[in-house]
Amino acid sequence: MPSVILVGVDFGGPHFDAALEELGLLAQTAGYSVAERVTCKRRAPDPALFVGSGKADEIKMLAQSTGASEVLFDQALSPAQQRNLERHLGLPVNDRTLLILEIFAQRARSHEGKLQVELARLQYLSTRLVRRWSHLERQSGGIGMRGGPGETQIELDRRMIGEAIKRTKDRLEKVKKQRSTQRRQRERRDTFSISLVGYTNAGKSSLFNGLVKARAYAADQLFATLDTTTRQLYLGEAGRSVSLSDTVGFIRDLPHGLVDAFAATLQEAADADLLLHVVDASNPAHPEQIASVLGVLKDIGADQVPQILLFNKLDAMDAAQVPLVLADTMELEGQSVPRIFVSAKAGTGLHELRAMLADHVIGQKRGQDPIPPGSLPEIGESVS
């Protein structure tokens with residue numbers, strides 16, 4: 001297992017991870033072991049080395065002493081900074097964006113998922129043609145794939161990547177049309193559509209399995225599942241079945257290329273009648289995670305879809321943090337949103353969640369506010 005050094009720079013922003021915990025989890029998910037963690041404070045990134053020459057020297061010495069084979073930065077690096085750091089350190093240097101792309105490439109299983117990852121990878125690579133390619137400054141004469149007279153290798157590479165991006169987009173467009181046809185068929189059948197969304201590792205797949213008795217892969221790791229899975233969920237109180245979809249998890253600073261590339265998959269959320277926004281209630285950073293998810297929902301045009309907040313992992317919360325009332329409302333961007341505390345692992349609150357979903361389906365069918373404030377189902381005063 002290759003070892004890496006993690007680097008994070010505090011620019012005074014709200015999301016600095018002093019312990020680099022999330023980056024460490026991403027590295028482990030991608031198959032790396034963490035040799036050392038380095039943090040520093042700066043007012044602004046160094047134009048050449050991002051961290052400055054002094055800190056770069058410190059990282060180089062740490063790499064030599066620990067035997068690390070790569071350096072990973074928590075922030076996005078420019079192509080020039082990446083190239084300069086690699087020359088200075090004598091090691092491969094990558095950033096959070098490429099790390100997420102690597103994980104997605106490892107985890108994608110469906111044809112659509114693989115196409116989406118390939119598109120995001122090509123788009124990322126197109127901005128980094130100045131990096132590791134030793135042949136870029138050579139002139140290429142001749143015709144065909146070797147380029148036209150006087151065409152530099154970097155121009156040829158850029159043209160080839162551009163053509164690959166176009167081919168991948170065309171193939172994805174066909175997949176989008178197939179999904180659109182499937183959605184229209186569901187609409188004709190008057191299917192009520194619910195999508196699970198939330199920060200990665202919040203427990204979406206575990207909840208999905210608990211609700212529909214499916215066997216979707218679930219693990220305590222980031223991006224355990226990437227491909228959308230849809231099953232039918234029968235709600236006895238409503239006397240009908242609904243369509244429940246488990247979507248890919250979101251993450252802070254999700255690369256924009258991935259948001260664009262995964263538009264077809266995330267379209268399930270944008271077209272849903274209801275979103276179940278799953279939150280890891282045991283994570284102290286859950287307010288920031290909620291904000292990250294809301295940002296991505298806005299990017300894909302799903303911010304106007306009604307939501308229910310599911311505060312999951314009730315069993316992992318400290319006893320002092322467990323609320324007395326497990327169903328209430330929460331203010332979210334100026335709106336009162338229903339909230340329910342559940343535990344997918346222990347099964348706590350899932351029966352009440354089904355009742356809440358049934359109320360929502362019945363209310364929407366009647367054209368009424370499905371869950372009026374103050375009329376949430378009672379779950380109990382405490383958890384034993």
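These figures come from a predicted structure and were not determined experimentally.

Asks: Residue-level account of the nonpolar core, with values.
Replies: The biggest cluster of nonpolar side chains holds 52 residues, and the ones touching the most others in it are L26, F223, I251 and L297. When residues in this core are grouped by element, the largest group, 6 residues, is from helix 4 (residues 96-107). Apart from residues lying up to four places away in sequence, L26 is in contact with R96, L99, I100, I103, L222, F223 and I251. One finds F192, A202, M356 and A358 within the second-largest nonpolar core, a separate group that totals 26 residues.

Asks: Can you lay out the side chain of K313 for me, pointing to particular residues and giving the numbers?
Replies: Locating K313 in the fold gives a position in the loop between strand 11 (307-312) and strand 12 (327-332). With near-sequence residues (within four places) excluded, K313 lies in contact with N201, A202, G203, D280, S282, V342 and S343.

Asks: Run through a positive patch on the surface, naming residues and quoting values.
Replies: Taken together, the side chains of R167, R171, K174 and K177 present a region of like positive charge at the surface. Of note, R167 is situated in helix 6 (residues 153-188).

Asks: A description of the sheet that holds strand 4 (residues 93-95) should follow, citing residues and the corresponding values.
Replies: Within the open sheet, the 4 strands sit side by side as 2-1-3-4. Their pairing is parallel. Of all strands in the sheet, those bounded by a partner on one side alone are strand 2 (33-41) and strand 4. The mean angle between the axes of side-by-side strands here comes to 25°, regardless of whether they run parallel or antiparallel. Pairing of strand 1 (residues 3-10) with strand 2 involves 8 bridges; the strand directions are parallel. In the sheet register, V9 faces strand 2, and the bridge partner there is C40. Most of the contacts of helix 4 go to strand 4, to which it runs at about 80°, and overall it touches strand 3 (70-73) and strand 4.

Asks: Before we move on, can you summarise the packing of aromatic side chains with the specific residues and values?
Replies: The tally for this structure, following the rule as stated, stands at 3 aromatic pairs. An angle of 90° between the planes, with centres 5.8 Å apart, marks the rings of F50 and F73 as edge-to-face. Of this pair, F50 sits in the loop between strand 2 and helix 2 (53-66) while F73 sits in strand 3, and the two are 23 residues apart along the sequence. The exposure class assigned to F50 is buried, which follows from its relative accessible area of 4%. What makes F73 buried here is its relative accessible area of 0%. Chaining the aromatic ring pairs together yields one cluster made of F11, F50 and F73. Looking at R339, its charged tip hangs above the ring of F311, at a distance of 4.9 Å from the centre.

Asks: Account for the packing of helix 1 (residues 21-29) against helix 4, naming residues and giving values.
Replies: Two elements in contact, helix 1 and helix 4, have axes separated by 9 Å at closest approach and are oriented at 40°. Crossing of helix 1 against helix 4: the hand is left-handed. Here E22, L23, L26, A27 and T29 of helix 1 lie close against helix 4, whose contacting residues are R96, L99, I100, I103, Q106 and R107. Of the residues in the contact of helix 1 with helix 4, the class split is 6 nonpolar, 2 polar and 3 charged.

Cut-offs used in this document
Residues numbered from 1 in each chain as written. Predicted model: local features only at pLDDT ≥ 70, side-chain atom pairs only at ≥ 80, totals over all residues. Heavy atoms only, no water. Core = buried A, V, L, I, M, F, W, Y, C linked by side-chain atoms within 4.5 Å. Buried < 20%, exposed > 50% of the residue type's maximum accessible area, 1.4 Å probe, protein only. Helix = DSSP H or I, 4+ residues; strand = E, 2+ residues; numbered from the N terminus. Contact = heavy atoms within 4.5 Å. Patch = residues over 30% accessible without salt bridge, like charges linked within 9 Å, V, L, I, M, F, W, Y side chains within 5 Å. Areas by Shrake-Rupley, 256 points an atom, 1.4 Å probe, with all protein chains shown as cover. Salt bridge = Lys/Arg side-chain N within 4 Å of Asp/Glu carboxyl O. Lys, Arg positive; Asp, Glu negative; His and termini not counted. Charge placed at Lys NZ, Arg CZ, Asp CG, Glu CD. Pairing = 2+ DSSP bridges. Axes fitted to C-alpha atoms, helices over the stretch in contact; angles between N-to-C directions. Phe/Tyr/Trp six-rings, centres within 6.5 Å; stacked < 30°, edge-to-face > 60°. Lys NZ or Arg CZ within 6 Å of the ring centre and 35° of its normal. Left-handed = near helix turned anticlockwise from the far one by under 90°. Nonpolar A, V, L, I, M, F, W, Y, C, P; charged D, E, K, R; others polar.

Any functional reading would require information beyond the geometric quantities listed.
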